[in-house]
Amino acid sequence: MFTFPSYILKNNGVSISSAISVQQLKAGVNGALAILRHSLTQSGSVTSTQVAAALTRKTAGATVTAAVAGTTLLKQNQIQPTTDASLGTSATGITASAEGTDGEQTLARGFNVLNGQETVYTPEERVIVPQGGIIAQKLLAAFNTTWYSELVFMELRAS
Amino acid sequence: MDAVSAALRAQFWKSHLLLPETPRTGDKAVVAKQHSCGPAAQETGLLVRVRNPPVFAAVHCEHCGQEVEDWISEVELIDDLGRPIPNGVYGYPIKWLQRVLPLTHQDASHKQVAVLATAG
């Protein structure tokens, strides 16, 4: 069967203490992408605390550590082509040091840090990021711990 | 869906590609044309259900990586009774699929319809 090229943007084991973007994704120039799943968990605390996180469109990208193909941006199937996503310090990357400008929040959800949160979209409600569009998974409340996050997306693009 | 994707999808429904045998969203379809690499060569005849309108995109064979750029619809594998078989997210060129029309009373004898009704 044929599959749409799908990728996982990972931010594993990074200490984050502020309410800031954990991951940022910028679509490439050849087409849109669809968000399939995203998750946020932590390993540094055993204290029950409620926080919140959101999937947020960006009108101006945050400053991030650029994603690296094969390290933080992985192919779902090794046989797939290189991602069309734009990698860079104001494009696709992890752990923001400065926020850009937030647009609409497509999803915001509170969760207990002991459980973490994971969102899987049904096909009808997948968030679409247009060509060149930016979206980020962002902590809405500061909580100092070691965060693990994933953002899984599928590219709907021409070659 | 962004405006560009929506416009592209709308374009498809107006195009000459839309034939009576082209499966629409929600239709059962059978794979009528296959890709020729080893494992994929067994795909002809597989039953699928079309999950959304086609979008012009590039997809890749999960076995060999061969790229196909065409009008692609997302499909799910289904069994004979139409139940989805949990597996992957597959995209298939819409032109490679053949619509399977549901059985109606015009197509079947009364006896067959009665049997189907009993089977639920």
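Here is what the cut-offs are and how they apply
Residues numbered from 1 in each chain as written. Chains lettered and ligands numbered in written order. Predicted model: local features only at pLDDT ≥ 70, side-chain atom pairs only at ≥ 80, totals over all residues. Core = buried A, V, L, I, M, F, W, Y, C linked by C-beta atoms within 7 Å. Buried ≥ 20, exposed ≤ 12 C-beta atoms within 10 Å, placed from the backbone. Helix = DSSP H or I, 4+ residues; strand = E, 2+ residues; numbered from the N terminus. Contact = placed C-beta atoms within 7 Å. Pairing = 2+ DSSP bridges. Axes fitted to C-alpha atoms, helices over the stretch in contact; angles between N-to-C directions. pLDDT = per-residue confidence, 0-100.

### Some words on the nonpolar core
Residue and element names in this part refer to chain A. Among the nonpolar cores identified, the biggest contains 43 residues, and L33, F153 and L156 are the most heavily contacted of them. The greatest single-element share of this core, amounting to five residues, is contributed by strand β4 (residues 31-42). If we skip the residues at most four places from it in the chain, F153 touches S6, Y7, L25, L33, A34, I35 and L36. Counting six residues, the second largest nonpolar core, distinct from the first, contains L40, A53, L139 and W147.

### A word on the environment of A:T92
All names here are of chain A. Relative to the helices and strands, T92 is located in the loop between β7 (73-75) and β8 (93-98). Expressed as a C-alpha distance, the spacing of T92 and K10, which sit 82 residues apart in the sequence, is 11 Å. Leaving out residues up to four positions away in the same chain, T92 has contacts with L9, Q24, L25, K26, A67, L73, A85, S86 and L87.

### Structural notes on the interface of chain B and chain A
In this assembly, 25 residues from chain B lie in contact with 20 residues from chain A. Looking at the side of chain B that touches chain A, the elements with two or more residues in it are α1 (3-14), β3 (55-61), β4 (67-77) and β5 (90-93) of chain B. Top element by residues in the side of chain B that touches chain A is β3(B). It accounts for seven residues. Here two bridges tie strand β1 (residues 2-3) of chain A to β3(B), and the two strands are oriented antiparallel to one another. Directly across from A:T3, in β3(B), lies its bridge partner B:H60.

### Here we look at the sheet that holds strand β12 (residues 134-139) of chain A
Residues and elements named next belong to chain A. Here six strands make up an open sheet; going across it, the order is β6-β8-β3-β12-β5-β9 and the pairing antiparallel. At either end of the open sheet lies a strand with only one pairing partner, and these are β6 (63-66) and β9 (101-112). Taken pair by pair, the neighbouring strands of this sheet meet at an average axis angle of 30°, ignoring direction. Strand direction decides the pairing type here: strand β3 (residues 21-26) and β8, joined by two bridges, are antiparallel. From the neighbouring strand, Q24 faces β8, where its bridge partner is G93.

### Things to note about the environment of B:C64
Residue and element names in this part refer to chain B. Looking at where C64 falls in the secondary structure, it is placed in the loop between β3 and β4. Residue classification places C64 among the partly exposed positions, given that 13 C-beta atoms sit within 10 Å. Taking C-alpha positions, C64 is 21 Å from V48, a pair spaced 16 residues apart along the chain.

### Some thoughts on the confidence of the model for chain B
Within chain B, residue pLDDT values average 79, and 69% of them lie at 70 or more. The complex prediction reports pTM at 0.83, with the ipTM value standing at 0.76.

### Things to note about the pairing of strand β2 (residues 47-50) of chain B
Residue and element names in this part refer to chain B. Of the two faces of β2, only the one carrying V48 and V50 is buried; L47 and R49 on the other face are not. Direction of pairing for strand β1 (residues 28-31) relative to β2: antiparallel, over a ladder of three bridges. For K28, the partnering residue across the bridge sits in β2 and is R49. Bridge analysis of β2 against β4 gives three bridges, and the strand direction is antiparallel. Following the sheet pairing, R49 is matched in β4 by E76.

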